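Overview (structure and organization)
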Amino acid sequence: MKSRKAAERREFLKTTGVLTGILAVGGQFALLAPTRSWALDLHAFTSEQGEALLAAARTIAPHDALEDAAYAAVVHAADADALRDAPLRTSLTEGVAALGAGFARASEPERVAALKRIEAGEFFQRYRARTLGVLYSTPLAQAFLGYEGEAFTKGGYLLRGFNDLRWLPDVPEADAGPTLKSGA
Amino acid sequence: MASHSLKDDGVVVVIGSGAGGGTLAHELTRRGMKVVLLEAGKRESLASFSQEPGAAFAQLTWLDPRTSSGTWAVAKNSPEMPAWLAKTVGGTTTHWSGVTPRLCDWETQARSTYGQIADASLIDWPIPYSELASYVELAERRMFVTRRHGMPGLPATNNFKVMYAGATRLGYHRVHTGYLAINSQAQDGRGMCTQQGFCIQGCKTGAKWSTLYTEIPRAEATGRLDLRIQATATRIEHGVDGQVNAVLYRDAAGQEQRQKARLVCVAGNALETARLLLLSESAKYPHGLANSSDQVGRHYCHHVLGFTVGVFDKPVYMWRGTSQAGLVEDEVINDPKRGFVGGYYLQLVNFDPAALVQAALPYGWGRDQASVMDNYRNLAAVMMVGEDLPRATNRITLSTAKKDSYGLPVAHVHVDEHVNDIAMRAHGRRQMSRLFEAAGAKRVLHSEGSPAATHNLGTARMSADPRDGVTNSWGQTHDIRNLFISDGSTFSTAAAANPTLTIVALALRQAEYISRQVQAHEL
């Protein structure tokens, strides 16, 4: 029974494509990762489809200095969505096909034009929302934007800069509240 | 913690464990009554609250589908999620930001103050303001609201410094870090706010008041509370005398259970409260419980909301610190010369990057939107919360298109914005733009239309005349003596204030009333 389940799982997770990349030298994660190269197995899309989705994500939210590995998280999420939801898989596959064969390698103005043509459609609307939601939740994108995230494990921002803005006047205590003096 | 028998017809069944239901359960149990508290969600804790925003959202949010229609932007932007509510022990008090301004006297007399307004169904609250105010003060003391009763205010965050500079330069006078049910000092067995900025993900220090770790454990300590989690109420039953006598619910395994009841208090938030009353239709009550006036589900209000983001050329780090510790009260006036009746607050707000781009920025993609995100460190944000006008046609009905996992129709939410709401939003946007420009913003952006509602009001409203509403001033339904409504559904009108403080105040008042009535054998 156990081995049959494992076999089914292997079938379920059959690799249909792969995305690969290299973390930038001196980038935030290259120092921590065991190797600089990364690979993402795809289970619903071919490598070409994956590359088109990655290029679409980069066109929707273009940050030149943000590594491909962050955008690959969007493709990973779309791949998982497609595996769970057959109609969505069709929508994604057809949407990618509508972008044309050369989309992933086209110039940015060409990619923008291709996406504008399908902007009103379901594929773009869903993939845009997925891109923004997933991309900006990745540790890579958050570090890139400077977002410091949860602070509970560090004792909050109370002693870590919640009120360190100095380019505007301070708020009188009557309109705010007592603050801990530094070193107190 | 007690375990009451399903056949015990002496218990009070409270449906929903949020601000209204959680508070009521505590107040009734400490007065000696046996309470079964049904909560559709699971029980989290300070330790289990996730601090990953996406996971926290999934952990606390009511994700079962709803449907929506009407001219409001929500029907287009998030049709299956017209409201962002919690489904967890503590309800929306796990996820709220702790903002607790008081209703104004004139707001509770909306019909008298604003006069007859076309396409609006205004009434006055049936409670004398002085009486409501005394329970509001009781609620403030219980929730340790800042800047009230000697409680210190919370300190100014970077984000608030921007708001304060802009607001005071605009000439606003009542600008401060706000009234918040968030500890500015350790008290009530809970710590002080450590400026985590994760209020809505569940406050891991418990500095923010929630029934999850205040009212509910205290009710359990009486030995008279039976809290049943993952218990979804599906129907309230009644006897031949027309009085309610039992609640049907699905337990965690999906099995149907039937709890007998002496009286039933519904506190499922305005959408689910109205839905449950409508789902409980019977031969005697063919339009649903407490609905002889045909008012259940109508007059749905959700406040005029809007987010505004200012882009600066120096860092703000808006995510650091208490999410909503900032308030401008000056626009909470009734001055029809502004082009609308009623008032609105400006409130501080902050966003993680994913929430910012999805909820607070206008629709967009490509280089322009990315350039705003590139400036994430340099962004400040405010929002408006204003009174929307009730309309009989803005209402919760049972969906004809979608059913839940038990085969029951989900709530359908229809809203056509009143011209007054549209005029108020335009005024608020203008003021928020001017505020950020006064603080030196190089660009200002507004959210698209109205975001998913978090304040849900009016769908079983209190009325002096039974023809105008569903309950009397104690939340007791006009039609059925032992059926009570104990959440924001009972608000006669929306007012501008965030509703939780008033919901708690009304629950405290209702508990006293129920207790008196039970002792007098009236219930």
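Here, every reference points to the structure presented above.
Residues numbered from 1 in each chain as written. Chains lettered and ligands numbered in written order. Predicted model: local features only at pLDDT ≥ 70, side-chain atom pairs only at ≥ 80, totals over all residues.

1. Considerations on the overall build of chain A
Rule in force here: Each helix is a run of H or I in the DSSP string that is no shorter than four residues. Each strand is a run of E no shorter than two, and both are numbered from the N terminus. Our exposure labels follow a C-beta count within 10 Å of each residue's own C-beta, placed from the backbone: buried means 20 or more other C-beta atoms, exposed means 12 or fewer, and partly exposed covers the counts in between. Whether two residues are in contact is decided by their C-beta atoms, placed from the backbone, lying within 7 Å.
Of the regular secondary structure elements, chain A holds seven helices and two strands. In sequence order, the secondary structure elements of chain A are arranged as α-β-β-α-α-α-α-α-α. Each of the 184 residues in chain A was classed as buried or not, and the buried ones make up 34%. Pairs at least 24 apart in sequence give 68% of the contacts found in chain A among residues at least 6 apart.

2. What to know about the overall build of chain B
Put simply, the test is: Values of the radius of gyration come from C-alpha atoms, whereas the globule rule sets the reference at 2.2 Å times the count of residues to the power 0.38.
Helix and strand counts for chain B stand at twelve helices and 17 strands. What you see for chain B is a C-alpha radius of gyration of 22 Å, in line with the 24 Å of a compact globule of 523 residues. Expressed as lengths along the three principal axes of its C-alpha atoms, the size of chain B is roughly 70 × 50 × 45 Å. In chain B, which comprises 523 residues, the proportion classed as buried is 60%. Contacts in chain B between residues at least 24 apart in sequence constitute 75% of all its contacts with a sequence separation of at least 6.

3. Some remarks on the packing of helix H4 (residues 86-98) of chain A against helix H6 (residues 122-135) of chain A
How two helices pack is summed up by the angle between their axes together with the distance between the axes. Residues and elements named next belong to chain A. Let me state the cut-off plainly: The convention used is that axes are lines fitted to C-alpha atoms, helices contributing only their stretch in contact, and that angles between N-to-C directions extend from 0 to 180 degrees. Throughout, the term roughly parallel applies to angles under 35 degrees, roughly antiparallel to angles over 145, roughly perpendicular to angles from 65 to 115, and oblique to all others. Put simply, Ala, Val, Leu, Ile, Met, Phe, Trp, Tyr, Cys and Pro go in the nonpolar bin, Asp, Glu, Lys and Arg in the charged bin, and everything else, Gly too, in the polar bin.
Put simply, H4 and H6 touch, their axes get as near as 9 Å, and they point 105° apart. Compared by their axis directions, H4 and H6 come out roughly perpendicular. Contacts between H4 and H6 pair Ser91, Leu92, Glu94 and Gly95 from the former with Glu122, Phe123, Phe124 and Tyr127 from the latter. For the contact of H4 with H6, the per-class residue count stands at four nonpolar, two polar and two charged.

4. Section: the nonpolar core
The criterion, for reference: As used here, a nonpolar core is made of buried Ala, Val, Leu, Ile, Met, Phe, Trp, Tyr and Cys residues. They are joined through C-beta atoms within 7 Å.
Core analysis: the largest hydrophobic core is formed by 207 residues, its most contacted members being Leu135 of chain A together with Val35 of chain B. Ignoring sequence-local partners within four residues, the contact set of leucine 135 of chain A consists of Ala57, Ala61, Ala70, Tyr71, Ala73, Val74 and Ala141 of chain A.

5. With respect to the environment of threonine 397 of chain B
Residues and elements named next belong to chain B. Note that threonine 397 resides in strand S14 (residues 395-403). Accessibility expressed as a C-beta count within 10 Å gives 18 for threonine 397, which makes it partly exposed. Spatially, the C-alpha atom of threonine 397 lies 9.8 Å from that of serine 68, the residues being 329 residues apart in sequence. The contact partners of threonine 397, leaving out residues within four places of it in the chain, are Gly297 and His412.

6. Quick word on helix H3 (residues 68-84) of chain A
All names here are of chain A. Here is the rule: Every helix has an expected span of 1.5 Å times one less than the residues it contains.
Compared with the 24 Å implied by 1.5 Å per residue over 17 residues, the 25 Å span of H3 between its first and last C-alpha is a close match. For H3, the complete set of buried residues consists of Asp68, Ala69, Ala70, Tyr71, Ala72, Ala73, Val74, Val75, Ala78, Asp79 and Ala82. On its buried face, H3 sits against strand S1 (17-22), strand S2 (37-42), helix H2 (47-60), H4, H6 and helix H7 (139-145).

7. Considering the interface of chain B and chain A
One frequently used descriptor of interface size is the decrease in accessible area upon assembly of the parts. The partner chain A presents 37 residues to the 45 residues of chain B that form the contact. Sorting the residues of the side of chain B that touches chain A by element identifies helix H2 (53-60), helix H6 (158-170), strand S4 (175-176), helix H9 (353-360) and helix H10 (367-374) of chain B as the ones contributing at least two each. If you tally residues by element for the side of chain B that touches chain A, the top one is H6 of chain B, at six residues.

8. A short note on the environment of glycine 100 of chain A
All names here are of chain A. Here glycine 100 is to be found in the loop between H4 and helix H5 (108-117). For glycine 100, a count of 13 C-beta atoms within 10 Å translates into the label partly exposed. The spacing of glycine 100 and alanine 114 is 14 residues in sequence and 8.4 Å in space, taken between C-alpha atoms.

9. Re the pairing of strand S1 (residues 12-15) of chain B
Residue and element names in this part refer to chain B. Heads up, the condition is: For two strands to pair, DSSP has to find at least two bridges joining them. Look down the strands so they point away from you; if the path from the first strand over the helix to the second goes clockwise, the crossover is right-handed.
Covered by surrounding structure in S1 are Val12 and Val14 together with Val13 and Ile15, the residues of both alternating faces. Looking at chain direction, S1 and strand S2 (residues 35-38) are connected through four bridges and run parallel. In the sheet register, valine 12 faces S2, and the bridge partner there is valine 35. Note that the unit made of S1, helix H1 (residues 19-30) and S2 has a crossover that is right-handed.

10. Description of the sheet that holds strand S8 (residues 256-260) of chain B
Residues and elements named next belong to chain B. In space, the three strands of this open sheet follow the order S6-S7-S8, with antiparallel pairing throughout. Across the chains shown, the open sheet's two edge strands, defined by having one partner strand only, are strand S6 (232-238) and S8. Across this sheet, the average inter-strand angle for adjacent strands is 25°, counted without regard to direction. One ladder, built from six bridges, connects S6 with strand S7 (residues 244-250); its direction is antiparallel. Of the residues in S7, the one forming a bridge with arginine 235 is leucine 248.

11. Regarding the packing of H2 of chain A against H6 of chain A
All names here are of chain A. Interhelical geometry of H2 versus H6 gives an angle of 75° and a closest axis separation of 10 Å. Viewed along their axes, H2 and H6 adopt a mutual orientation that is roughly perpendicular. Of the residues in H6, those touching H2 at Ala56, Ala57 and Ile60 are Tyr127, Arg128, Thr131 and Leu135. Classifying every residue of the contact of H2 with H6 by side-chain character gives five nonpolar, one polar and one charged.

12. Looking at unusual backbone geometry
All names here are of chain B. Unusually for a residue other than glycine, histidine 149 sits at a positive phi of about 50°. The topology assignment puts histidine 149 in the loop between helix H5 (129-143) and H6. A residue is classified by how many C-beta atoms lie within 10 Å of it, and histidine 149, with 10 of them, is exposed. We note that histidine 521 has phi near 60°; this positive angle belongs to a residue other than glycine. Within the element layout of this structure, histidine 521 appears in the segment after helix H12 (500-519).

13. A closer look at the sheet that holds S4 of chain B
Spatially, six strands are ordered S4-S11-S12-S13-S10-S16 (chain B) in an open sheet, and the strand pairing comes out antiparallel. Strands at the two margins of the open sheet, each flanked by one partner only, are S4 and strand S16 (443-446) of chain B.

14. So, H6 of chain B
All names here are of chain B. Look at H6: 19 Å from first C-alpha to last across 13 residues, which is about the 18 Å you get at 1.5 Å a residue. Counting buried positions along H6 gives ten out of 13 residues, so the element sits mostly inside the fold. All of the buried residues in H6 are Asn158, Asn159, Phe160, Lys161, Val162, Met163, Tyr164, Ala165, Gly166 and Ala167. Considering only its buried residues, H6 is in contact with S4, strand S10 (304-311), strand S11 (327-328), strand S12 (344-348), strand S13 (379-386) and helix H11 (419-438). Positive backbone phi, at 100°, marks glycine 171, one or two positions downstream of H6.

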